[in-house]
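Close look at the chain arrangement
Spelled out from the first residue to the last, the chains are:
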Amino acid sequence: MLAFMVIGCLVLISTLTIAYQRSFLCRSRESIKKDLEPKYQVVKKEEDMEKSHCIRTPLQYGVSSDIGRRPQQQDDYVIRDNFFGLPDCYLFAVFDGHGSEGGKVSGFAKKMLPELLLPMKDDFLRDPILTLKNLFSALNAKLNDTPSIDTYMSGTTAVVV
């Protein structure tokens, strides 16, 4: 049984491949002239910023966790900013552990996913989908080679952005 199942793999291209393209939240000049109420547009290219009055909006995020009726938390998450050493590049992952060792599996994934992904930077920027498939295969193999975690009836799902 595969100890690692991927239910969702979303790649936020405009954020994760910031080296190629940046998105900006901008107020158009027309809206400034027309009234004081801001109207925003997404500008995809850096050179288009000159045509609008742009405000660079930093990414804001938060975390909340609820254990529910279980005796222990089996879920975990990863948040890394400036991932790959790139500004405006973020890694977000949520792991939903299940089974008697689900918490251990989620904790293992939290620790190992960023460590395994960092050396794959060039591959990821070229082909993020294939790289994430390879990443999860490598993570699954490492997990199965970890004798301290029983993965026979335990595992985790993962959503990575």
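Each chain carries its own residue numbering, running from 1 in the written order of its sequence. With the structure being a predicted model, the display of local features is reserved for residues of pLDDT at least 70 and the display and counting of side-chain atom pairs for 80 or more, all residues being used for whole-chain, interface and lining totals. The basis for every side-chain value is the complete set of non-hydrogen atoms in the structure, without hydrogens or water.

Some details on helix 3 (residues 102-117)
Its 16 residues give helix 3 an end-to-end C-alpha distance of 22 Å, which sits within 8% of 22 Å, the value for a rise of 1.5 Å per residue. Those residues of helix 3 that fall on the buried side of the exposure criterion are G102, V105, S106, F108, A109, M112, L113, P114, L116 and L117. Starting at the N terminus, helices and strands are each numbered in turn, a helix being any DSSP run of H or I of at least four residues and a strand any DSSP run of E of at least two. Between the first and last residue of a helix there are one fewer steps than residues, each counted as 1.5 Å, and that sum is the expected span. Note on classification: 1.4 Å probe, protein chains only; a residue is buried when its accessible area is under 20% of the maximum for its type, exposed when over 50%, partly exposed between these limits.

Side note on the pattern of salt bridges
In what follows, salt bridge is the name for a side-chain nitrogen of Lys or Arg lying within 4 Å of a carboxyl oxygen of Asp or Glu. Applying the stated criterion across every chain, the model contains 5 salt bridges. Between K111 and E115 there is a salt bridge, and its shortest N-O distance comes to 3.9 Å. Within this pair, K111 and its partner E115 are both found in helix 3, separated by 4 residues, close to a single helical turn. Overall, the relative accessible area of 53% leaves K111 in the exposed class.

Topic: the side chain of Q74
With respect to the element layout, Q74 can be found in the loop between strand 4 (53-55) and strand 5 (75-81). In the analysis that follows, any N or O atom pair within 3.5 Å is treated as a polar contact, provided that within protein one partner can donate a hydrogen and the other can accept it, and provided that, for residues neighboring in sequence, both atoms belong to side chains. A polar contact is formed between the side chain of Q74 and the backbone oxygen of G99, at a distance of 2.4 Å. Setting aside its immediate chain neighbours within four residues, Q74 contacts F95, D96, G97, H98, G99, S100, G102, G103 and S106. Contact criterion: two residues are considered in contact whenever any of their non-hydrogen atoms come within 4.5 Å of each other.

So, the layout of surface pockets
Here a cavity denotes a set of grid points, spaced 1 Å apart and computed over the protein atoms alone, in which a 1.4 Å probe fits but from which it cannot get out, and a pocket denotes an open set meeting protein on both sides within 12 Å along at least five of seven lines; residues with an atom within 4 Å of a point are reported as lining. Grid points are joined across faces, edges and corners, and a volume is the space filled by probe spheres set on the points. What the second largest pocket holds in volume is close to 260 Å³. Forming the walls of the second largest pocket are 15 residues, and the residues nearest its centre are V63, S64, D76, Y77 and V94. Those elements that provide at least two residues to the lining of the second largest pocket are strand 5 and strand 6 (90-98). Under the convention adopted here, Pro, Cys and the residues Ala, Val, Leu, Ile, Met, Phe, Trp and Tyr are nonpolar, Asp, Glu, Lys and Arg are charged, and Gly plus all remaining residues are polar. Per-class residue counts for the lining of the second largest pocket are 8 nonpolar, 4 polar and 3 charged.

Describing the environment of Y152
Mapping Y152 onto the fold places it in the loop between helix 5 (128-144) and strand 7 (155-160). Assessed through its relative accessible area of 63%, Y152 is described here as exposed. Separated by 52 residues in sequence, Y152 and S100 place their C-alpha atoms 9.9 Å apart.

Overview of the packing of helix 3 against helix 5
Between helix 3 and helix 5, whose axes approach to 10 Å, the crossing angle comes to 130°. When the axis of helix 3 is compared with that of helix 5, the two are oblique. Crossing angle aside, the handedness with which helix 3 passes helix 5 is right-handed. For the pair formed by helix 3 and helix 5, the contact residues are V105, F108, A109, M112, L113, L116 and L117 on the first element and T131, L135, F136, A138, L139, K142 and L143 on the second. Lines fitted to C-alpha atoms define the axes here, with helix axes fitted over just the stretch in contact, and angles between the N-to-C directions of these axes take values from 0 to 180 degrees. Each angle is binned into one of four classes, with values under 35 degrees roughly parallel, values over 145 roughly antiparallel, values of 65 to 115 roughly perpendicular, and all other values oblique. The hand of a helix crossing depends on one turn: near helix anticlockwise from the far one by less than a right angle means left-handed, and clockwise means right-handed.

Focus: the confidence of the model for the chain
Across the chain, each position has a pLDDT score giving the predictor's confidence in that residue, from 0 to 100. Overall, the prediction assigns the chain a mean pLDDT of 76, with 65% of residues at 70 or greater. Per-element averaging of pLDDT across the chain places helix 1 (residues 13-16) at the bottom with 30 and helix 3 at the top with 97. A low-confidence stretch, residues 35-40 (pLDDT under 50), is modelled with 13 contacts involving residues beyond four sequence positions or located in other chains.

Points about the packing of aromatic side chains
Put simply, two rings from Phe, Tyr or Trp (the six-membered ring, in Trp's case) pair if the centres are within 6.5 Å, and we call them stacked under 30 degrees between planes, edge-to-face over 60, tilted for the rest. In the structure shown here, the tally under the stated rule is 5 aromatic pairs. Ring plane angle 75° and centroid distance 5.3 Å describe the contact between Y61 and F92, whose orientation is recorded as edge-to-face. Here Y61 is found in the loop between strand 4 and strand 5, whereas its partner F92 is found in strand 6, with 31 residues between them in sequence. Ring centres of Y90 and F92 lie 5.9 Å apart, and the angle between their planes is 10°; on these two criteria the pair is classed as stacked. Assessed through its relative accessible area of 12%, Y90 is described here as buried.

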